[in-house]
Amino acid sequence: MIRLGVNIDHVATLRQARREQFPEVVAAAHAAELGGADQITVHLREDRRHIQDRDVELIREVIQADLNLEMACTEEMVAFAKQINPYVVCLVPEKREEVTTEGGLDVGGNQDAVERTVGALKEAGLTVSLFVDPDEEALLASNAVGADAIELHTGRYANARTEAQRVNEFLAIQKAARTAHELGLRVHAGHGLDYRNVARIAAVREIEELNIGFAIVARAVFVGLTQAVREMRDEMLRAREAGGLDL
Ligand code: PXP
C-alpha cells in the first residue's frame with residue numbers, strides 16, 4: 001500500500017492573496033478526504049504566508065484523515081505541535097525569501113537543533129519525520145537524531161530537464177529509499193510530483209507515502225479537488241500494482 005498526503009497550502013495561498021475568508025481551507029481538506037486522501041498535509045510557516053493557526057486547529061478538529069504538520073525547528077512550532085497533536089510532524093528547512101521549500105533539511109549541519117526538536121516532539125508522544133535530500137549522509141544523520149521517518153525530497157527528480165538526468169535522480173531516490181528502510185526509518189517522499197512523473201516514484205516499494213500539493217490543487221481548478229485527488233490516488237495505486245517501471 002502507498003498512502004497519499006494531500007498538501008492544501010495552495011488553497012490558503014489563494015485566500016491570502018486577497019486576505020479574504022474564502023476559500024475555506026478546512027472545506028478543501030474535506031473535499032480531499034472525499035477523494036481518498038489518507039492524510040492532509042499543511043506547512044505552517046513562521047511568516048504565516050498561507051496556512052494560519054486556525055486552519056490547522058479546524059482540520060485537526062473536523063477531519064478524519066491523518067494530519068501531517070510540516071514546520072521549522074523552532075520553539076514556537078514545537079509548542080504549537082504539542083497543542084495540536086498531529087498524526088505526524090515533518091521538520092522542514094525554512095527561508096523567508098523562498099517561494100517554496102527549496103532543499104532538504106541539513107540534519108548533519110544542524111544536529112543539535114534538530115536533535116533537540118526531535119527529542120521534544122517525541123517526548124510529547126509525537127511521530128517525527130525529516131524532509132531530506134536523497135543522500136546517504138542525510139539518512140544516517142536522520143537516524144542518529146532519532147527520527148521515525150524521512151521524507152525524500154523529489155524536487156531534483158521532478159525538475160530534471162532531460163530523461164538521463166531524471167533517471168539519475170530517480171536512481172538516487174530509489175537507493176535512498178532502500179537505505180532508509182534498512183536503517184529502520186519509515187520512508188515518505190514528495191515535492192514537485194505531478195500526474196506525469198508520479199508513477200516511477202510510486203512504484204518504489206519502500207516508499208509508504210507521497211505528499212503532493214501543487215499539481216493536485218492546480219488540476220482542481222478545472223476538475224474539482226475531490227476528482228483531482230482521486231485521479232492522483234488512482235495513478236499511484238496503478239503504478240504500485242504494476243511494480244518497477246522500465247527506465
Ligand atoms: N513535502 C514537503 C516537505 C513540502 O515542503 C512540500 C511543499 O510544500 C510538499 C511535500 C508538496 O510539494 P508540491 O506542492 O510541489 O507537491
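Treat the numbers as computed from the prediction; the structure is a model and nothing was measured. (Residues numbered from 1 in each chain as written. Predicted model: local features only at pLDDT ≥ 70, side-chain atom pairs only at ≥ 80, totals over all residues. Heavy atoms only, no water.)

Participant: Provide a residue-level description of the overall build of the protein chain, including the pertinent values.
Facilitator: Per the secondary structure count, the protein chain includes 11 helices and eight strands. Scaling as 2.2 N^0.38, a compact globule of 247 residues should have a C-alpha radius of gyration of about 18 Å, and the protein chain matches this with 17 Å. For the protein chain, the spread of C-alpha atoms along the three principal axes comes to 45 × 45 × 30 Å. Counting the 247 residues in the protein chain, one finds 53% classified as buried. Surface exposure of the protein chain reaches about 11,600 Å², of which carbon and sulfur atoms provide 47%. The average position of the 28 basic charges and that of the 41 acidic charges among the side chains of the protein chain differ by 4 Å. (Helix = DSSP H or I, 4+ residues; strand = E, 2+ residues; numbered from the N terminus. Rg over C-alpha atoms; globule rule 2.2 N^0.38 Å. Buried < 20%, exposed > 50% of the residue type's maximum accessible area, 1.4 Å probe, protein only. Areas by Shrake-Rupley, 256 points an atom, 1.4 Å probe, with all protein chains shown as cover. Lys, Arg positive; Asp, Glu negative; His and termini not counted. Charge placed at Lys NZ, Arg CZ, Asp CG, Glu CD.)

Participant: Help me get a handle on the site of the ligand, residues and values and all.
Facilitator: Around the ligand, 13 residues are found, and the nearest of them are E70, E151, G192, G213 and F214. With respect to the ligand, the side chain of E70 contributes an N or O atom lying 3.3 Å from a nitrogen atom. Here an oxygen atom of the ligand sits 2.8 Å away from a polar atom, N or O, in the main chain of G192. A total of 400 Å² of accessible area belongs to the ligand in isolation, and the protein chains cover 94% of it. Grouping the constituent residues of the shell around the ligand by class yields four nonpolar, seven polar and two charged. (Near = heavy atom within 4 Å. Polar contact = N/O pair within 3.5 Å; in protein donor to acceptor, adjacent residues only side chain to side chain. Nonpolar A, V, L, I, M, F, W, Y, C, P; charged D, E, K, R; others polar.)

Participant: Explain the side chain of H153 residue by residue, including any values.
Facilitator: Residue placement: H153 occurs in strand β6 (residues 149–153). Polar contacts involving the side chain of H153 include one to the main-chain amide nitrogen of G155, which spans 2.9 Å.

Participant: Outline helix α11 (residues 225–242), listing residues and values.
Facilitator: Compared with the 26 Å implied by 1.5 Å per residue over 18 residues, the 26 Å span of α11 between its first and last C-alpha is a close match. Taken together, the buried positions of α11 are L225, T226, A228, V229, M232, M236, A239 and R240. The buried residues of α11 all sit within an arc of 165° when viewed along its axis, so they share a single face. Facing away from the buried side of α11 by more than 90 degrees, the exposed set consists of R238, E241 and A242. Structurally, α11 contributes buried residues whose contacts are with β1 (3–7), α2 (25–34), α9 (198–202), β8 (207–212) and α10 (214–223). At the exit of α11 stands G243, carrying a positive phi of roughly 85°. (Expected span 1.5 Å × (residues − 1). Arc of directions from axis to C-beta. Contact = heavy atoms within 4.5 Å.)

In short, shape yes, function no, at least from these values alone.
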